[in-house]
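# Inside the fold
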Amino acid sequence: MEGAVIAEPAKAAIAPSTRPLIRVKAIAKTYQNGTLALSDVDLAVRDGEFLSLLGPSGCGKSTLLRMIAGLGAPTSGIIDWPQANYDVRGEPDRHLGFVFQEPTLMPWATVFDNVAMPLTLTGMRRSELTGRVDEAIAMVGLEKFAKHYPRELSGGMKMRVSIARALVVRPRVLLMDEPFAALDEITRFKLNNDLLTLWQTQRWTVIFVTHSVYESVYLSNRIAVMSARPGRILTELKIDAPYPRTEAFRTSTVYNEFCRVTSAELKRAMPAGEDH
Amino acid sequence: MSVTGVTGDSPSRAWRIVIPILLGILFLGLWEFLVRWLQIPKFVLPPPSMIVDALTEDYGTLIASLWNTLKITGMAFVVAVVLGVTGAILFTQSRLFEMSLFPYAVVLQVTPIVSIAPFILIWVGLDHIERALLILATIVAFFPILSNTTLGMKSVDHNLLNLFDLYHASRWQRLRYLQLPSAMPYLLGGMKISGGLALIGAVVAEFVAGSGTGTGLAWRIIESSNRLNIPRMFAALVLLSVLGVMIFFGLSALETMLLRKWHESAVGREN
Ligand SMILES: Nc1ncnc2c1ncn2[C@@H]1O[C@H](COP(=O)(O)OP(=O)(O)OP(=O)(O)O)[C@@H](O)[C@H]1O
Ligand SMILES: [Mg+2]
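Quick caveat, the model's predicted, so the values are computed rather than measured.

This next bit is on the environment of B:Gly152. All names here are of chain B. Tracing the sequence through the fold places Gly152 in helix 6 (residues 129-154). Relative accessible area serves as the criterion here: at 0%, Gly152 is assigned to the buried category. Along the primary structure Gly152 and Leu180 are separated by 28 residues, whereas in three dimensions their C-alpha atoms are 8.1 Å apart.

Here it is in structure tokens:
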């Protein structure tokens with residue numbers, strides 16, 4: 001952290017807007033059982049961008065996303081937040097919302113209480129948080145289910161609760177781990193559009209893990225394609241299409257061309273000798 | 001609710017009560033018949049009718065004894081739950097605590113209560129028999145609460161723990177909002193075992209304590225046996241069983257009530 005600050009003061013002074021929000025430098029991660037999940041990952045996340053991490057199953061996307069959130073330390077390399085304030089423990093003030101790959105809800109709590117939990121943990125009283133919780137639940141369209149328990153919801157609805165819980169803190173950075181993988185296509189398209197609208201109005205930075213080429217092209221400014229395990233960033237693709245993107249974009253030739261290029265890159269990322 | 005519910009479901013539920021009762025009546029009838037027919041002396045095996053007579057005759061003393069046993073059992077159970085949950089909380093907050101104390105909890109658990117009883121009686125004082133019984137019953141009932149609750153608190157979904165870390169939850173918040181609710185099904189399972197054990201502990205302790213100061217059901221059994229009043233012995237035994245069954249069903253009802261909304265063990269299956 002120290003090093004980073006000293007190394008780049010000049011650059012930062014000249015062009016502060018190009019200073020990344022998150023910088024991942026030469027990250028490697030070996031799990032305790034000896035699995036090398038990531039090796040030599042470099043990535044810079046810019047303020048306000050929509051970045052997708054695309055890669056084959058098991059390549060370390062979730063691992064990388066968790067480490068960016070501060071869950072689990074890398075075995076080597078550093079992740080720093082050049083624009084954030086660091087507290088006494090050396091923790092950056094991340095302001096993030098995290099959507100886990102699994103819904104990760106508390107089965108004993110209602111939808112409302114699940115969504116309210118991040119605010120409860122900041123010490124907010126129930127009377128203060130109700131408005132914000134209702135708002136977050138409305139964003140994912142589950143107003144009618146606020147009093148239900150997770151076991152009474154479908155897989156996709158649980159995932160939406162999990163998204164509402166990430167949004168309720170009004171994050172600056174939203175980390176999402178395959179949030180729509182369990183949804184049907186129609187719902188997925190709808191939530192894609194909702195997410196894009198929210199992203200544009202709320203000016204979040206989004207890091208979005210997916211294994212869908214089509215989804216990543218539709219949503220992102222930029223796609224980082226990861227190689228099979230041990231994961232590295234193989235290429236970064238810029239998706240230079242204007243927002244707002246609508247259903248018309250999905251059928252455009254530009255979109256198809258981006259998808260073709262991205263698919264080709266992803267194919268290169270697949271382990272040798274396997275079809276997919 | 002639906003048509004199938006009426007025709008398919010409720011008869012089987014009714015049968016579940018009726019069949020055991022019929023079986024019980026059949027058994028008692030056979031017992032009564034055999035005892036009379038074979039002319040077995042009543043100090044060997046009294047017929048059920050004589051046991052009922054004994055129950056009604058000594059109703060006052062027996063109920064008083066029942067109440068005493070229930071009191072010891074209940075208090076021991078409550079103390080065991082409080083100590084067990086507190087212990088589990090300490091264990092999950094600090095590895096050091098667990099490492100240093102858990103072996104002793106195991107030692108206490110595996111040592112037969114009858115062999116500890118005389119010591120406790122001497123230490124607590126023979127003039128405070130009730131206190132000694134309480135301590136002994138607590139020792140017996142304590143361990144399932146401790147080990148179950150500890151297991152439950154450690155079985156928290158690790159992604160939920162991650163979530164709590166993400167939002168910088170304090171230890172207290174993690175305990176209050178995550179670990180204790182997660183441990184609830186385990187605690188309730190432990191309580192069902194402990195409730196029965198508390199009763200067993202109270203009875204065994206009273207047996208060991210012996211002598212005339214005891215006034216619980218165990219003492220009634222010893223006393224009746226000494227006087228060869230076998231019907232009354234059986235009557236006390238019946239009351240003990242009824243007490244045990246009531247404790248079990250009471251705790252099962254509590255479990256269903258608390259977990260009905262969310263835990264797989266208590267929610268009705270619809271698919
Ligand atoms: N806790 C763990 N202990 C050991 N190995 C792990 C652990 N978590 C993940 N791994 C391994 O690390 C690798 C990367 O896992 P990760 O979950 O990050 O993959 P992923 O890219 O998110 O895959 P998917 O798309 O299937 O979700 C996998 O090979 C997995 O076996
Ligand atoms: Mg994953």
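This next bit is on the site of ligand 1. Residue and element names in this part refer to chain A. Among the 14 residues in the neighbourhood of ligand 1, the closest are listed as Ser57, Gly58, Lys61, Ser62 and Thr63. Separating an oxygen atom of ligand 1 from a side-chain N or O atom of Ser62 is a distance of 2.6 Å. Contacts to ligand 1 include Gln101, whose side-chain N or O atom sits 2.8 Å from an oxygen atom. The fraction of the free accessible surface of ligand 1 (630 Å²) that becomes covered by protein chains is 66%. In the shell around ligand 1, the residues fall into three nonpolar, eight polar and three charged.

Let us now look at the sheet that holds strand 8 (residues 222-226) of chain A. Residue and element names in this part refer to chain A. The six strands lie next to each other as 5-6-7-3-8-9, forming an open sheet whose pairing is mixed. Because the sheet does not close on itself, it has two edges, and the strands there are strand 5 (96-99) and strand 9 (233-238). Taking the axes of each pair of neighbouring strands and ignoring which way they run, one obtains an average angle of 15 degrees across the sheet. As judged from the four bridges shared by strand 5 and strand 6 (residues 173-177), these two strands associate in the parallel manner. The partner of Gly97 across the bridge, within strand 6, is Leu174. Where helix 6 (residues 155-167) meets the sheet, it contacts strand 5 and strand 6, and its direction lies at approximately 170 degrees from that of strand 5.

Let's shift gears to the interface of chain A and chain B. Taken together, the contact between chain A and chain B spans 24 residues of the former and 20 residues of the latter. Interface area for chain A against chain B, summed over the two sides, is near 2100 Å², with a carbon-plus-sulfur share of 67%. Summed over the shared surface of chain A and chain B, the number is three residue pairs in polar contact (both at pLDDT 80 or more). A per-element tally of the side of chain A that touches chain B places helix 4 (residues 111-121) of chain A first, with four residues.

A few words on the sheet that holds strand 2 (residues 36-45) of chain A. Residue and element names in this part refer to chain A. As summarised here, the arrangement of the three strands in space is 2-1-4, forming an open sheet in which the pairing is antiparallel. The open sheet has two free edges, formed respectively by strand 2 and strand 4 (76-80), since each of these has just one partner strand. Across the sheet, the mean angle separating the axes of adjacent strands is 15 degrees when strand polarity is ignored. Across four bridges, strand 1 (residues 22-30) lies against strand 4 in antiparallel orientation. The residue of strand 4 that forms the bridge with Arg23 is Asp80.

On to the domain arrangement of chain A, then. All names here are of chain A. Along its sequence, chain A is carved into domain 1 (7-95 + 174-276) and domain 2 (106-171). Relative placement of domain 1 and domain 2: their C-alpha centres are 25 Å apart. Roughly 890 Å² of surface becomes buried between domain 1 and domain 2 when both sides are summed, with 78% attributable to carbon and sulfur atoms. Inspection of the region where domain 1 meets domain 2 yields zero salt bridges. For the pair domain 1 and domain 2, the number of links is one residue pair in polar contact (both at pLDDT 80 or more). Elements with a minimum of two residues in the side of domain 1 that touches domain 2: strand 6 and helix 7 (185-202).

Further remarks concern the packing of helix 7 (residues 158-166) of chain B against helix 8 (residues 171-209) of chain B. Helix-helix packing is described using two parameters, namely the angle between the two axes and the distance between the axes. Residues and elements named next belong to chain B. Between helix 7 and helix 8, whose axes approach to 11 Å, the crossing angle comes to 145 degrees. Considering only the axes of helix 7 and helix 8, their crossing is right-handed. Between helix 7, through Leu160, Leu161, Phe164 and Asp165, and helix 8, the contact on the second element is made entirely by Gln173, Arg174, Tyr177 and Leu178. Here the contact of helix 7 with helix 8 is composed, by residue class, of five nonpolar, one polar and two charged.

A few words now on helix 10 (residues 253-269) of chain A. Helix length check: helix 10 of chain A, at 17 residues, gives a terminal C-alpha distance of 24 Å against a target of 24 Å (1.5 Å per residue), a fit within 8%. Of the surrounding secondary structure, the elements contacted by the buried residues of helix 10 of chain A are strand 3 (50-54), helix 8 (213-219), strand 8, strand 9 and helix 9 (247-250) of chain A.

Here the focus is the coordination of the magnesium ion (ligand 2). For the magnesium ion (ligand 2), the full set of protein donor atoms is A:Ser62 (OG) and A:Gln101 (OE1), and the range of their distances to it is 1.9 to 2.2 Å. Of this pair, A:Ser62 sits in helix 3 (residues 61-68) while A:Gln101 sits in the loop between strand 5 and helix 4, placing them 39 residues apart in sequence.

Reading guide: rules and limits
- Residues numbered from 1 in each chain as written.
- Chains lettered and ligands numbered in written order.
- Predicted model: local features only at pLDDT ≥ 70, side-chain atom pairs only at ≥ 80, totals over all residues.
- Heavy atoms only, no water.
- Helix = DSSP H or I, 4+ residues; strand = E, 2+ residues; numbered from the N terminus.
- Buried < 20%, exposed > 50% of the residue type's maximum accessible area, 1.4 Å probe, protein only.
- Near = heavy atom within 4 Å.
- Polar contact = N/O pair within 3.5 Å; in protein donor to acceptor, adjacent residues only side chain to side chain.
- Areas by Shrake-Rupley, 256 points an atom, 1.4 Å probe, with all protein chains shown as cover.
- Nonpolar A, V, L, I, M, F, W, Y, C, P; charged D, E, K, R; others polar.
- Pairing = 2+ DSSP bridges.
- Axes fitted to C-alpha atoms, helices over the stretch in contact; angles between N-to-C directions.
- Contact = heavy atoms within 4.5 Å.
- Buried area = accessible area lost by both parts, 1.4 Å probe.
- Domains from an automatic or database assignment.
- Salt bridge = Lys/Arg side-chain N within 4 Å of Asp/Glu carboxyl O.
- Left-handed = near helix turned anticlockwise from the far one by under 90°.
- Expected span 1.5 Å × (residues − 1).
- Donors = N, O, S within 2.8 Å, 3.2 Å for Na, K, Ca; no water.

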